Amino acid sequence: MSDKNTPSTAGQPADEVPADRPALGIALLLLGMFVFTAMDGVAKGLASQGMPPERIALLRYVLVSAILMPVVVARWKHRPLYTSRPVLHILRGVLLIASATLFVYAMRTLPLETATAIGFVSPLYVTALSIPFLGEKVGMRRWVAVAVGFLGVLVILRPGTSAFVPEMLIPLVSSFCWACGLIITRAMRGREGALTILVWSTVSGMVVIAPLGISSWEMPTATQWGMLVVIAFCHAAGQYLTIRAFSLASASVLAPFSYSTIIWAVLIGIFAFDSYPDFWTIAGTCLLAGAGLYVWHRERTVTGQPTVPGGSISEVAQEPLETEEIEEKSEETASEGLGPRDR
């Protein structure tokens, strides 16, 4: 990447290249993945108390919108809401709110670590979807990896045995929605700012889920409001940490560490919900993670654009920009600090 296309950091001239700091980037990503997994754990706790998943999703988006509002106002002169692709933004928002809501539905029944492990199928979906929607070519080795990954899913699900419950299929649908949203994000690479994408997705998702979220409305208790605030804080903090990580190191360096979510999910499951993964869940997760890592390796080698598990807006943050946009983008990244995972 040339100097003129490399985003500067705040206070640096636009033609200087900020130094990569991969160790710090990895540390921030690991912390971001923990924060995101903690967010899922709190959402699982709310769902276990009987709050409908669509209401959890709606109130989370409302609180995140409140966090975003000062940023939008501060960036208003840069037209953060302007886009020539409103349909893509709205579709992306619908897909991501569907993914988020379905994932909470899954966690009402499934252990956190099981739902998280099944969610690792999303990079495999992206590989398959990139052919018809992005015109990418996928070789035999990546197809074999995809097949191994879906074998891992079967190992976790164990259909036909007493271990299988229908709710195990919900994370598969959730991950498919997420993967479709990521395909749309890839299609907008270098054409839309991260703040524009985030605002449109948040507002679109909130509008779509609102009718379901307010039906049979019951006012959350003080404890539930506190948990919702924690969820919104984790959402913003996790995205800030991740987009900062991607500003310090490349996706090809960071992608493998996104799989740390399963470690955090297991630990949170043990200490918060007294749940332990069985042998088959661990074995299937290893197959899924191994397949995802191989797909990441091949995409890095062949296309230079590896799929980051759960990634979306974070990848936009490191896209090449025109010279006049560089300084604005770097300020946006520092002040907005919101990144990849809307689930």
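Let us look at the structure shown here. (Residues numbered from 1 in each chain as written. Predicted model: local features only at pLDDT ≥ 70, side-chain atom pairs only at ≥ 80, totals over all residues. Heavy atoms only, no water.)

Quick notes on the packing of aromatic side chains
At step 1: Tallied over the entire structure, the rule returns five aromatic pairs.
At step 2: Here the aromatic cluster, defined as three or more aromatic residues joined through ring pairs, consists of Tyr125, Phe150 and Phe176.
At step 3: Lying over the aromatic face of Phe273, Lys44 brings its terminal NZ or CZ to 5.4 Å of the ring centre.
At step 4: Sitting above the plane of the Tyr82 ring, Arg79 keeps its charged end 4.3 Å from the centroid. (Phe/Tyr/Trp six-rings, centres within 6.5 Å; stacked < 30°, edge-to-face > 60°. Lys NZ or Arg CZ within 6 Å of the ring centre and 35° of its normal.)

Examining the packing of helix H3 (residues 86–109) against helix H7 (residues 170–187)
At step 1: Where H3 contacts H7, the axes come no closer than 8 Å and their chain directions differ by 155 degrees. Relative to H7, H3 is oriented roughly antiparallel. Of the two possible hands of crossing, H3 and H7 adopt the one that is left-handed. Touching Leu88, Leu91, Arg92, Leu95, Leu96, Ala98, Ser99, Leu102, Phe103, Tyr105 and Ala106 of H3 are Ile170, Pro171, Val173, Ser174, Cys177, Trp178, Cys180, Gly181, Ile184 and Thr185, all from H7. (Axes fitted to C-alpha atoms, helices over the stretch in contact; angles between N-to-C directions. Helix = DSSP H or I, 4+ residues; strand = E, 2+ residues; numbered from the N terminus. Parallel < 35°, antiparallel > 145°, perpendicular 65-115°, else oblique. Left-handed = near helix turned anticlockwise from the far one by under 90°. Contact = heavy atoms within 4.5 Å.)

Digging into unusual backbone geometry
At step 1: One non-glycine residue, Ser216, lies in the positive phi region at around 50 degrees.
At step 2: Mapped onto the fold, Ser216 is located in the loop between helix H8 (194–214) and helix H9 (222–248).
At step 3: The backbone of Asp274 sits at a positive phi, close to 55 degrees, despite the residue not being glycine.
At step 4: Assignment of secondary structure puts Asp274 in the loop between helix H11 (261–273) and helix H12 (279–302).

Points about H7
At step 1: Taking 1.5 Å of rise per residue, the 18 residues of H7 would be expected to cover 26 Å, and the 26 Å separating its terminal C-alpha atoms lies within 8% of that figure.
At step 2: Burial runs high along H7: 14 of the 18 residues are buried. (Expected span 1.5 Å × (residues − 1). Buried < 20%, exposed > 50% of the residue type's maximum accessible area, 1.4 Å probe, protein only.)

A short note on the environment of Pro166
At step 1: Note on placement: Pro166 falls in the loop between helix H6 (140–157) and H7.
At step 2: Between the C-alpha atoms of Pro166 and Ala106, which are 60 residues apart in sequence, the distance is 9.6 Å.

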